[in-house]
Amino acid sequence: MTLEATSNLPVTTGRAAEPLIHPRWVRITHWINALAILMMIGSGWQVYDASPLFRFIYFPSQFALGEWLAGALLWHFAAMWLFVVNFIVYVTLGILTGRFRRKLFPISPRDVFNDFAAALRGKLAHDDLTVYNAVQRLLYLGVILAGVVIALSGASIWKPVQFKYLTALFGGYDTARYVHFFAMSTIVAFLTIHVALALLVPKSLRAMIFGR
Amino acid sequence: MASPRKTASGVDPKLLIKDAAKLLPQSSRRLFLRGAVSLGALSMLTGCDIVDGPTSENVLRVISRFNDRVQALLFSETTLAPEYPESAITRPFPFNAYYSVDEAPDIDDDAYKLEIGGLVDNKKSWTLPELNALPEVSQITRHVCVEGWSAIGSWQGVKLSDFLKTIGADTTAKYIWFQCAEGYSTTIDMPTALHPQTQLTLKFDHKTLPQAYGFPIKIRIPTKLGFKNPKYVTAMYVQNNDAGGYWENQGYNWFSGL
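Computed from a prediction, not measured in an experiment: that's the story for all the values here.

Conventions and cut-offs
- Residues numbered from 1 in each chain as written.
- Chains lettered and ligands numbered in written order.
- Predicted model: local features only at pLDDT ≥ 70, side-chain atom pairs only at ≥ 80, totals over all residues.
- Domains from an automatic or database assignment.
- Pairing = 2+ DSSP bridges.
- Helix = DSSP H or I, 4+ residues; strand = E, 2+ residues; numbered from the N terminus.
- Axes fitted to C-alpha atoms, helices over the stretch in contact; angles between N-to-C directions.
- Contact = placed C-beta atoms within 7 Å.
- Nonpolar A, V, L, I, M, F, W, Y, C, P; charged D, E, K, R; others polar.
- pLDDT = per-residue confidence, 0-100.
- Expected span 1.5 Å × (residues − 1).
- Buried ≥ 20, exposed ≤ 12 C-beta atoms within 10 Å, placed from the backbone.
- Parallel < 35°, antiparallel > 145°, perpendicular 65-115°, else oblique.
- Left-handed = near helix turned anticlockwise from the far one by under 90°.

### Quick word on the domain arrangement of chain B
Reasoning step 1: With domains assigned, chain B is organised as domain 1 (40-74) and domain 2 (78-250).
Reasoning step 2: The distance between the C-alpha centroids of domain 1 of chain B and domain 2 of chain B comes to 30 Å.

Below, the structure written as structure tokens:
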């Protein structure tokens, strides 16, 4: 260490020769979010089953959390604090550190189209994990937006009297339940792609654990 | 049991049984929580020092009590539940209970008396004609079930805060406990009891409350989930201890505010 300092080399350790892809706060909030979102989805499915919105959609209890409605509601309204507090920390740091601006912007429809076409042809380069392609940018921005929508629509279902203007914004209590459901569906669709790609490109998973 | 029963008009019996079944757990009524992952993070969040290796169920109950306090803070005595036009009333308005409508209490209106107890000056019981003689208020509001569905109904009766004044209730007490004919019960907080829309309900859609909807008395609270709106009410106690309730004791959130 002293040697490095005196020899005027960049202050790095040997292992840090690779660039840091995800700072610690990203990794911590990512994994807390992963836990929170799984608890929210699992318990939410059990709650949904008590009064399904669609005749053809029912979530088997094995995939749900809480065993019955009361248990699922306890899980849902406990995990919501973890999800919301962690989400606020993540978005605040993402904005304040400039990470969102650097990583997610600029984004243009043309880039998304080109990168998506390249991905379908199997020609989308994935060498530099520090740079997100346009499709990734769109998906990450989209899932952050879905996070906002699911939290606000959830609040409007939870408190349709105290937050009645928010509930009205979502088209009333009954409509807000559909909005909440579709926001969940969006997040589940994202998760399916996200997890599949993380497993296909294991170094991306390693980076979210160790940072590099 | 075999005697012909009055079927409440406008109630679809098929709907009733289906709805009643859903509030019940699948296997038993215990609150065992499958999929108990490590809840270290959650127990830290509550800031509570749980020494004796908490089960996830205990942690969840602690958070549920924390949520009671949050909801009490969010509750506003002046925020009114939205009211709707007559055309918005859900017809038929669903019956919902943990039993079928055939098993709903059949109360003899001549013998009926609402028992009053606890921290009140006048503990005299009230007959239905006496209650019906009190000034009537009306509301068309949304009933939201803990299961998720909702329905808009029209209720008439006595403003509960006026009734509490009439009987000389100590409104600095913390709770009101309602006891019902079939053994159901629930406890509500005093601020909710004093809310301008909280109603001692005697009528549905300007007609005597049908058996399915809680004859002779329902407590209509549009700021709380349906299960905190007791039907077939026979006694009302003003008190400082939380007597819990049928569903609350099985794990449903106590405050259950909207």
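### Quick look at the sheet that holds strand β1 (residues 115-118) of chain B
Residues and elements named next belong to chain B.
Reasoning step 1: The 4 strands lie next to each other as β1-β9-β4-β5, forming an open sheet whose pairing is mixed. The strands lining the two open edges of the sheet, one partner per strand, are β1 and β5 (185-189). Here the strands of the sheet are splayed against their neighbours by 20° on average, with no regard to which way each runs.

### Here's the deal with the interface of chain A and chain B
Reasoning step 1: At the interface, 28 residues of chain A touch 36 residues of chain B.
Reasoning step 2: For the side of chain A that touches chain B, the elements supplying multiple residues, two or more each, are α2 (24-50), α3 (69-96) and α8 (173-200) of chain A.
Reasoning step 3: It is α3(A) that provides the largest number of residues to the side of chain A that touches chain B, a total of 10 residues.
Reasoning step 4: For the side of chain A that touches chain B, the class distribution of residues is 17 nonpolar, 6 polar and 5 charged.

### Some remarks on the confidence of the model for chain B
All names here are of chain B.
Reasoning step 1: The pLDDT averaged across chain B works out to 84; a share of 79% of its residues lies at or above 70.
Reasoning step 2: In this model residues 1-53 is a low-confidence stretch, pLDDT under 50, and it forms 78 contacts with partners more than four residues away in sequence or in other chains.
Reasoning step 3: For this predicted complex, the interface confidence reaches an ipTM of 0.85, while the overall pTM sits at 0.84.

### Some words on α8(A)
Reasoning step 1: Spanning 28 residues, α8(A) covers 41 Å between terminal C-alpha atoms, matching the ideal 40 Å at 1.5 Å per step.
Reasoning step 2: Buried residues of α8(A): Y173(A), A176(A), R177(A), H180(A), A183(A), M184(A) and I187(A), and no others.
Reasoning step 3: Its buried side turned inward, α8(A) meets α2, α6 (134-158) and α7 (164-169) of chain A together with β2 (137-144) and β3 (150-159) of chain B.

### Looking at the packing of α2(A) against α3(A)
Pairs of packed helices are described in terms of their axes, by the angle between the two and the distance that separates them.
Residue and element names in this part refer to chain A.
Reasoning step 1: The interhelical angle for the contact between α2 and α3, taken along N-to-C directions, is 150°, at an axis separation of 8 Å. Here α3 runs roughly antiparallel to α2, going by the angle between their axes. The element α2 and its partner α3 pack so that their crossing is left-handed.

### Examining the environment of T208(B)
All names here are of chain B.
Reasoning step 1: Looking at where T208 falls in the secondary structure, it is placed in strand β7 (residues 207-208).
Reasoning step 2: Here T208 falls in the partly exposed class, since 15 other C-beta atoms lie within 10 Å of it.
Reasoning step 3: Taking the C-alpha atoms as reference points, T208 and V62, 146 residues apart in sequence, are found 41 Å from one another.

### Describing the packing of α3(A) against α6(A)
All names here are of chain A.
Reasoning step 1: Axis separation between α3 and α6 bottoms out at 11 Å; the angle between their running directions is 140°. By the angle between their axes, α3 is oblique relative to α6. The two elements α3 and α6 meet at a crossing, and its hand is left-handed. Along the contact surface, α3 presents M80, V84, F87 and V91, while α6 presents I144, G147, A151 and G154.
Reasoning step 2: When its residues are assigned to classes, the contact of α3 with α6 shows 6 nonpolar, 2 polar and no charged.

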